[in-house]
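# Structural features, examined
Listed here are the chains, written in short residue letters.
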Amino acid sequence: RTHAFRPSSAPVDGAMTSATTSIALGGIALHRAHRQHGHAVGRAVGRRHLTTTTAAAASERINVERARGGDYNAAAATFVKGFFFDGASDVENEAEFRSLTRAQTSDLKKRYDASGRDGSALLVIRDNGSGSSKILACGGVEVRSYVGATDYETYVKQGRGGMDVELNVVERPVVANLATAPEARRKGYGKAIMRALEEVCLENGYDECVLVVDASNKRAQALYKKLGYKVIGGDKKAAALKVVNGRARETTTKTLVMRKSLTNGLENIDVASIGAIVAVLAALAAQKDAILDAMPF
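Residues numbered from 1 in each chain as written. Predicted model: local features only at pLDDT ≥ 70, side-chain atom pairs only at ≥ 80, totals over all residues. Heavy atoms only, no water.

## Observations regarding the nonpolar core
Formally: Put simply, buried Ala, Val, Leu, Ile, Met, Phe, Trp, Tyr and Cys residues joined by side-chain atoms within 4.5 Å make one nonpolar core. Accessibility here uses a 1.4 Å probe with only protein chains present; expressed as a share of the type maximum, an area under 20% marks a residue as buried, one over 50% as exposed, and anything in between as partly exposed. Going along the chain from the N terminus, every DSSP run of H or I of four or more residues is numbered as a helix, and every run of E of two or more is numbered as a strand.
Ile125 and Tyr224 are the most contacted members of the largest nonpolar core, which has 34 residues in total. Among the elements that make up this core, the one with the highest residue count is helix H5 (residues 189–203) (eight residues). Counting 24 residues, the second-largest nonpolar core is a separate cluster that includes Ala67, Ala76, Ala176 and Ala248.

## Side note on the pattern of salt bridges
The following threshold applies: A pairing counts as a salt bridge when a side-chain nitrogen of Lys or Arg comes within 4 Å of a carboxyl oxygen of Asp or Glu.
Under the counting rule described, the total for this entry stands at 12 salt bridges. The closest approach of N and O atoms between Arg172 and Glu208, which form a salt bridge, is 2.9 Å. Of this pair, Arg172 sits in strand S10 (residues 169–180) while Glu208 sits in strand S11 (residues 208–214), and the two are 36 residues apart along the sequence. Under the relative-accessibility criterion, Arg172 is labelled buried at 2%. A salt bridge links Glu267 to Arg259; the nearest nitrogen and oxygen atoms lie 3.1 Å apart.

## Observations concerning the confidence of the model for the protein chain
Threshold: Within a predicted model, pLDDT stands for the predictor's per-residue confidence, ranging from 0 to 100. Note on contacts: a residue pair is in contact if any heavy atoms of the two residues lie within 4.5 Å.
Of the residues in the protein chain, 69% reach a pLDDT of 70 or more, and the chain-wide mean stands at 75. Mean pLDDT values for the elements of the protein chain range from 33 in strand S4 (residues 39–41) up to 96 in strand S7 (residues 121–126). In this model residues 1–7 is a low-confidence stretch, pLDDT under 50, and it forms 36 contacts with partners more than four residues away in sequence or in other chains. Considering only residues more than four positions removed or in separate chains, one finds that residues 14–59, a stretch of pLDDT under 50, has 162 contacts.

## A word on the packing of aromatic side chains
Condition: Any two of the Phe, Tyr and Trp rings considered here, Trp counted by its six-membered ring, make a pair once their centres fall within 6.5 Å; the pair's planes then place it as stacked at under 30 degrees, edge-to-face at over 60, or tilted in between. Our definition puts a charge over a ring when NZ of Lys or CZ of Arg is within 6 Å of the ring centre and also within 35 degrees of the ring normal.
Scanning all chains against the criterion turns up four aromatic pairs. Judged by centre distance (5.5 Å) and plane angle (10 degrees), the rings of Phe79 and Phe83 are stacked. In this pair, Phe79 and Phe83 are both assigned in helix H1 (residues 71–83), four residues apart and thus about one turn of the helix distant. Exposure class is identical for Phe79 and Phe83. Each is buried. The structure contains a cluster of three or more aromatic residues connected by ring pairs, namely Phe79, Phe83 and Phe84. Above the ring of Phe97, the side-chain terminus of Lys81 is found at 5.6 Å from the ring centroid.

Following this line, the structure appears as structure tokens:
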């Protein structure tokens with residue numbers, strides 16, 4: 001994904017996002033982990049677990065677990081079908097589907113198969129019915145290094161390294177590869193994965209969580225805003241793939257970076273939205289006063 005394309009997430013309860021993890025991140029935030037001269041310091045490691053259970057409805061409990069073994073391939077298949085083929089039951093090009101699934105499986109293992117030692121994790125919700133190995137929902141978190149609003153690897157590739165860069169490298173946990181199988185949407189699985197990923201971030205000593213969403217995907221943005229994320233930056237030409245006539249094609253897309261503070265809810269308040277609401281209320285109040293002033297009494 002850092003070498004070319006990789007999508008960030010497929011439909012999550014009806015929402016889709018897409019981007020690369022090498023996207024620039026904007027905004028200023030507090031970090032419990034940062035790097036100086038290439039060494040991680042100040043990182044607090046909290047309690048660890050392999051399974052997170054969260055209530056999705058009054059009569060249902062959702063088990064969110066760390067991926068293991070064949071989960072990587074199954075999660076890749078769920079992601080590819082949801083992201084590239086929009087959850088279609090019949091894939092146009094089976095060979096392309098298998099090729100994309102193999103590539104995605106390899107990428108998931110490279111990013112998340114480290115037993116959580118580096119703060120990364122791929123979480124899944126399994127379909128435990130009838131002995132199925134299918135993954136109903138998945139999502140991963142990976143710790144990435146940044147310099148200001150730019151991915152550290154971008155600086156290296158552009159030959160812009162040096163002491164000034166090294167002294168300003170920080171680490172951020174980036175959520176990506178979010179997907180929910182079509183038949184499992186609108187059941188709270190996407191939100192359960194997100195909450196569990198945020199818990200992983202906290203356990204590894206981070207006070208924030210960031211993700212990337214396609215700028216044209218208003219539905220996905222609305223979902224993440226409800227979860228407390230707000231836009232802090234973006235990329236006008238993020239690398240991406242798009243399946244056209246059954247074939248994957250490289251392209252670019254405009255993306256937004258969204259961030260959520262995991263320790264200070266006040267940071268998640270959307271000031272712009274509040275300002276708009278205040279303006280509307282002020283206009284209504286002024287209109288009411290004008291009407292009262294016009295009354296003959």
